[in-house]
Structures are given as C-alpha cells and as structure tokens.
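The residues making up each chain are set out below.
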Amino acid sequence: MLRSALWQGMVAGLVGTAVMTAGEKLEQRLSGRPDSHVPARTLERLMGLPERPRQQPRALNLAMHYGQGALLGILRSLMAQVGLRGAWASTMFSMVRLTNDQILENATGVGAPPATWPRGELAVDLLHKTVYGFATGAVSDALAAREGMGPGQRHAAIRPGRHHGVRPASRWARV
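Residues numbered from 1 in each chain as written. Predicted model: local features only at pLDDT ≥ 70, side-chain atom pairs only at ≥ 80, totals over all residues. Heavy atoms only, no water.

### Things to note about the overall build of the protein chain
- Looking only at helices and strands, the protein chain has six helices and zero strands in total.
- Ordered by position in the sequence, the α and β elements of the protein chain form the string α-α-α-α-α-α.
- Long-range contacts, defined here as pairs at least 24 residues apart, represent 67% of the contacts in the protein chain between residues at least 6 apart.
- In the protein chain, 21 positive and 11 negative side-chain charges are present, and the distance between their average locations comes to 11 Å. (Helix = DSSP H or I, 4+ residues; strand = E, 2+ residues; numbered from the N terminus. Contact = heavy atoms within 4.5 Å. Lys, Arg positive; Asp, Glu negative; His and termini not counted. Charge placed at Lys NZ, Arg CZ, Asp CG, Glu CD.)

### A word on helix α3 (residues 58–82)
- Taking 1.5 Å per residue, 25 residues should reach 36 Å; α3 reaches 37 Å between its end C-alpha atoms and fits that length.
- Positioned one or two residues after α3, G83 has a phi angle of 110°, which is positive. (Expected span 1.5 Å × (residues − 1).)

### Some points on the nonpolar core
- Counting six residues, the largest nonpolar core is built from M20, L72, M79, A89, F93 and Y132.
- Contributions of two or more residues to this core are made by α3 and α4 (87–107).
- Contacts of A89, omitting those with residues within four sequence positions, involve R76, M79 and L84. (Core = buried A, V, L, I, M, F, W, Y, C linked by side-chain atoms within 4.5 Å. Buried < 20%, exposed > 50% of the residue type's maximum accessible area, 1.4 Å probe, protein only.)

### So, the packing of helix α1 (residues 2–31) against helix α5 (residues 119–145)
- Closest axis-to-axis distance for the α1/α5 pair is 8 Å, and the angle between their directions is 145°. Judged by the sense of rotation from one axis to the other, the crossing of α1 with α5 is right-handed. Contacts between α1 and α5 involve Q8, A12, G13, V15, G16, T17, V19, M20, G23, E24 and E27 on the former and, on the latter, V124, H128, K129, V131, Y132, A135, T136, V139, S140, L143 and A144.
- Considered class by class, the residues forming the contact of α1 with α5 number eleven nonpolar, eight polar and three charged. (Axes fitted to C-alpha atoms, helices over the stretch in contact; angles between N-to-C directions. Left-handed = near helix turned anticlockwise from the far one by under 90°. Nonpolar A, V, L, I, M, F, W, Y, C, P; charged D, E, K, R; others polar.)

### Some words on the pattern of salt bridges
- With the rule as written, the count across this model stands at eight salt bridges.
- Here D101 and R97 are joined by a salt bridge, their closest N and O atoms 2.4 Å apart. Taken together, the residues span about one helical turn, with D101 and R97 both in helix α4 at a distance of four residues. We note that D101, like R97, is buried.
- Look at the salt bridges and you will find they share partners, linking R97, D101, D125 and K129 into a network. (Salt bridge = Lys/Arg side-chain N within 4 Å of Asp/Glu carboxyl O.)

### Overview of the packing of aromatic side chains
- This model, assessed by the stated rule, comprises one aromatic pair.
- Where F93 meets Y132, the ring centres are 5.7 Å apart and the plane angle is 35°; that geometry is what we call tilted. Of this pair, F93 sits in helix α4 while Y132 sits in helix α5, and the two are 39 residues apart along the sequence.
- With relative accessibility at 0%, the residue Y132 sits in the buried group.
- Its guanidinium or amino end placed over the ring of Y132, R97 lies 5.0 Å from that ring's centre, counting from NZ or CZ. (Phe/Tyr/Trp six-rings, centres within 6.5 Å; stacked < 30°, edge-to-face > 60°. Lys NZ or Arg CZ within 6 Å of the ring centre and 35° of its normal.)

Encoded structure:
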C-alpha cells in the first residue's frame, strides 16, 4: 500500500498542481493579479539561500510550487489507499494543503496568518487550494480504486458508520 501511495501520490500531486496553476493563470488574466513569488521566497529561506529581492526566481518558484504539490499528493494518495475517498476526503485534504503553505510561509517570515489578509486575497487562495485538493483527490481516488476497496471501505461494507460492537473487517476480506 505504501509503495503505491508514494508513486500514485506524486503523480496525483503533480497533476493537481498543474490544474491549480492553470486555474491561477486564468484567474490572473481576468483579475490582473500579478504572479506570487512567495513560494520562491519561502524556499530560499528554508534552504538558507541568499535572497535577491529585485529578482523573480522563477525556477525556485516552480520547484517549491510543484515540489509541495507532489509531496502532499502522497498524503492524499495514502488517504485514498485506506478508503478515504471522494469529496469529503478532498475537502479535508484541501485544508491540509492550505495549512502546509501557512506553516512554511509563517515559519520563515515570508507570509502572514490568513486571518490578517484582505478577504479577497483569502478567497482566491482558498479557491486555488481547493482546486488543487479536488484535482489531486480525483487522480488519487482513481488510481487507488484500481486496487480495490481500502480497509475503511471494507469496514463500512459490513455496516456503514461507527457502531459499538462492529469488529474491524478482516485484513484479507474482499467485500
């Protein structure tokens, strides 16, 4: 399961990032919002690289943008492997993606807590992270489904929900 989650997650995360990036570029054309260089600035600080405020480090921006997407995709793939699939799982994962950004950006001093942002900027960021979360989830779910139900889904097939007295599904059960 873990081996599958690794490669499937990286693929799903890269696809999710590409879909999110396409959406960002479309939104920027419509809104006039400039490119963000926060990912590059965050990576510079995380790696202890010299900061060049007058340069726009496109390669670092792309490395951080796609690197985070691929690595976080592994988590979404693991969710799908164990049976956490669909819109509910993608919603949970979208918040993980946003939280990851905020931890890194705030820890490095590159970003500020979202509660301090103008509401329009916050809405745009939430939209893009949700697009990433659902695109990554769709790919993760499709890849995991080729391997059958996850343990949680097998348990739910016995009796949906959480109930006292319902034992875990057999590790080997194929419902």
